[in-house]
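Now for the letters of each chain:
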Amino acid sequence: MALTRDDHRFMARALRLAERGLYTTMPNPRVGCVLVKNQQIIAEGWHVRAGEGHAEVNALRIAAEQARGATAYVTLEPCNHTGKTGPCSQALIDAGVARVVYAMEDPNPLVSGRGLERLAAAGIEVDGPLFEEQARALNPGFITRMERKRPLLRCKMAMSLDGRTAMASGESKWITSPKARADVQRLRAASCAIVTGIGSVLQDNSQLTLRARELGLPRAEDIARRQPLRVILDSRLQLPRDALIMQTADPNSPELVPGPILLVHNGTADGAQLDGWPAHVELLALPGRDGRIDLEALVRELAQRQCNEVLIEAGATLAGAFLRRGLLDEVVVYMAPKLLGSQARPLFELPLETMSASLALKITDMRALGQDWRITAVPDVEY
């Protein structure tokens, strides 16, 4: 059946519903569903969080018997396997839905076309893809993990107009405005994990937590209850036991319970360094060359932990190491209208000497945040 203007309209609505799960569904994808009968929406649903009902199930529960003979618009192919919930493809069949319009196939190998095949085999008309590009944009980390077996790595940096991130002393608070910092909070909220280096922790003594009062989002307190995994790369285990990031409560937000910490080292620590860490701190040895941590092994580890989007908040050295190894999928730079001078620290530590050695980026988005600018770029390569 040819896709109609109404099909486009209802799928656009399903995509807007899927966006409501932007900060809560991980490690699952963000999915929306609209049920339509006689050109009227009879029920809507979206996936809220892992372990709870999928978008289709939530919509079917509202529609009840009205779902028989309806058209379902779903932003992702209905699942065909049993995880924490049953297969959505079978739920649609059992409800008597007559037609399913999908935005994109599920890249999960456990699904990958099988959900659509199951629907068609049951006599349900299946149409799509529709708005596939928009659907993929909703789930870049999930798709990356399914297709490339690794999370999407996004590096966040703040810089002055002359490309500097901190004074020579390390002082950097605050380069950007509160609006830019609130946007960073939303990047954290969309991430499964935040990666930083011990140098940044020692310099800034930050907690790397979500703070509801700074998110500027509906349901901010609910969103902040899911704190990302905080990953600290600390080759020689120098992290002070009394560092702010180690606290299990935030004195400024008593309701906040910071998430767990994964403390990654190079495997050379002795018994005293390995013992006595609190229960919310997990140690992991990932030895690499020259006493460094193996970043590729870290990326694999985070994929095994079902991390979709990973935010790197680090200094020039660690950020440059990820970039040089081709591990970054996206760079988000907040640029403030300030000049820090030639003695200040650079954005990335990249010991390049010739123009031919330069690393090309492709800017995908640029927008103002108050007096600052947010620039989003991706490596100009093909996988």
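Residue positions are counted from 1 within each chain, in the order its sequence is given. In view of the model being predicted, local features appear only for residues whose pLDDT reaches at least 70, and side-chain atom pairs are presented and counted only at 80 or more, with totals across whole chains, interfaces and linings using the full set of residues. The basis for the side-chain values is all heavy atoms of the structure; hydrogens and waters are excluded.

Peer 1: Can you help me understand the overall build of the protein in this one?
Peer 2: The helix and strand labels rest on DSSP assignments: H or I over at least four residues marks a helix, E over at least two residues marks a strand, and numbering proceeds from the N terminus. Secondary structure summary: the protein contains 13 helices and 16 strands in total. The C-alpha atoms of the protein give a radius of gyration of 23 Å, which matches the 21 Å a tight globule of 383 residues would have. Projecting the C-alpha coordinates of the protein onto the three principal axes gives extents of approximately 65 × 45 × 40 Å. In these tables, accessible area is a Shrake-Rupley quantity obtained with a 1.4 Å probe, and a residue counts as shielded only by the protein chains included in the view. Accessible surface, the protein as shown: approximately 18,100 Å² in total, 51% of it carbon and sulfur. Distance between charge centroids for the protein: 3 Å, based on 46 positive and 45 negative side chains. With C-alpha atoms as the basis for the radius of gyration, the globule rule is written as 2.2 Å multiplied by the number of residues raised to the power 0.38. Positive charge is attributed to Lys and Arg, negative charge to Asp and Glu, and no charge count is given to His or to the chain ends. Where a charge lies is defined by one atom per residue type, namely NZ (Lys), CZ (Arg), CG (Asp) and CD (Glu).

Peer 1: Help me understand a positive patch on the surface, please; the structure alone is not making it clear to me.
Peer 2: Candidate patch residues must exceed 30% relative accessible area and have no salt bridge, after which like charges are joined if within 9 Å and Val, Leu, Ile, Met, Phe, Trp or Tyr side chains if within 5 Å. The salt bridge definition used is simple: a Lys or Arg side-chain nitrogen within 4 Å of an Asp or Glu carboxyl oxygen. On the surface, a cluster of positive charge is contributed by Arg289, Arg292, Arg324 and Arg325. Burial here depends on accessible area, computed with a 1.4 Å probe over protein chains only, as a share of the maximum for the residue type. Under 20% is buried, over 50% is exposed, and the range in between is partly exposed. Owing to a relative accessible area of 41%, arginine 324 belongs among the partly exposed residues under this scheme.

Peer 1: Hey, could you run me through a negative patch on the surface in this one?
Peer 2: Side chains of Glu105, Glu117, Glu132 and Glu133 sit close together on the surface and give a patch of like negative charge. With respect to the helices, strands and loops of the structure, glutamate 133 is situated in helix H5 (residues 132–138). The exposure class assigned to glutamate 133 is exposed, which follows from its relative accessible area of 67%.

Peer 1: Sorry, what's going on with the sheet that holds strand S11 (residues 281–285) here?
Peer 2: Backbone hydrogen bonds hold the strands of a sheet together, and the pairing may be parallel or antiparallel. Only strands joined by at least two bridges in the DSSP assignment are considered to pair. Spatially, S11-S10-S9-S8-S12-S6-S13-S16-S15 is the arrangement adopted by the 9 strands of the open sheet, whose pairing is mixed. Strands at the two margins of the open sheet, each flanked by one partner only, are S11 and strand S15 (361–369). Pairs of neighbouring strands in the sheet enclose a mean axial angle of 20°, with direction left out of account. Judged from the 8 bridges that link them, S15 and strand S16 (residues 372–379) form a sheet pairing that is antiparallel. Residue leucine 369 lies in a different strand from S16, and its bridge partner there is aspartate 372. On the sheet, helix H6 (residues 140–148) packs against strand S6 (152–160) and strand S12 (309–312) and is oriented at approximately 135° with respect to S6. Simply put, an axis is a line fit to the C-alpha atoms, just over the touching stretch for a helix, and the angle between two N-to-C directions goes from 0 to 180 degrees. Only heavy atoms matter for contacts: two residues are in contact if any of them lie within 4.5 Å across the pair.

Peer 1: Any chance you could explain the side chain of serine 89 here in plain terms?
Peer 2: Note on placement: serine 89 falls in helix H3 (residues 88–95). Assessed through its relative accessible area of 0%, serine 89 is described here as buried. In this view, serine 89 contacts Pro78, Cys79, Asn80, Gly115, Arg118 and Leu119; residues no more than four positions away in its chain are not counted.

Peer 1: Would you mind showing me how to read the domain arrangement of the protein here?
Peer 2: An automatic or database domain assignment provides the domain bounds reported here. The domain boundaries assigned to the protein delineate domain 1 (5–138) and domain 2 (149–379). One C-alpha centre belongs to domain 1, the other to domain 2; they are set 34 Å apart. With 10 residues of domain 1 at the interface, the matching set in domain 2 holds 14 residues. One salt bridge in this structure joins glutamate 309 and arginine 30, with 2.8 Å as the shortest N-O distance.

Peer 1: What's the story with the packing of helix H2 (residues 55–63) against H3 in this structure? I'm lost.
Peer 2: Helix-helix packing is characterised by the crossing angle of the two axes and by the distance between the axes. Two elements in contact, H2 and H3, have axes separated by 9 Å at closest approach and are oriented at 20°. With respect to each other, H2 and H3 are oriented roughly parallel. Crossing geometry of H2 relative to H3 is assigned as left-handed. Taken together, the residues of H3 that come into contact with H2 (itself represented by Glu56, Val57 and Leu60) are Cys88, Ala91, Leu92 and Ala95. Ten residue types, Ala, Val, Leu, Ile, Met, Phe, Trp, Tyr, Cys and Pro, are classed as nonpolar, four, Asp, Glu, Lys and Arg, as charged, and the remainder, Gly among them, as polar. Split into classes, the residues belonging to the contact of H2 with H3 amount to 6 nonpolar, no polar and 1 charged. Any angle from 65 to 115 degrees is called roughly perpendicular, while one under 35 is roughly parallel, one over 145 is roughly antiparallel, and all others are oblique. Each helix crossing is assigned a hand: it is left-handed if the near helix lies turned anticlockwise from the far helix by less than a right angle, otherwise right-handed if that turn is clockwise.

Peer 1: Can you walk me through the UniProt feature "active site" (unreviewed entry) in the protein in this structure?
Peer 2: UniProt positions are given in the numbering used here, feature names are shortened, and annotations may be inferred rather than shown by experiment. On the UniProt side, "active site" (unreviewed entry) is annotated at positions that read Glu56 here. Looking at the secondary structure, you find glutamate 56 in helix H2.

Peer 1: Just to check I follow, could you spell out the sheet that holds strand S2 (residues 40–46) for this structure?
Peer 2: What the 5 strands build is an open sheet, ordered S2-S1-S3-S4-S5; its pairing is mixed. The open sheet has two edge strands, S2 and strand S5 (125–127), and neither has a second partner. Taking the axes of each pair of neighbouring strands and ignoring which way they run, one obtains an average angle of 15° across the sheet. Where strand S1 (residues 32–37) lies against S2, 6 bridges are found, and the strand directions are antiparallel. Looking at the pairing, leucine 35 lines up with alanine 43 of S2.

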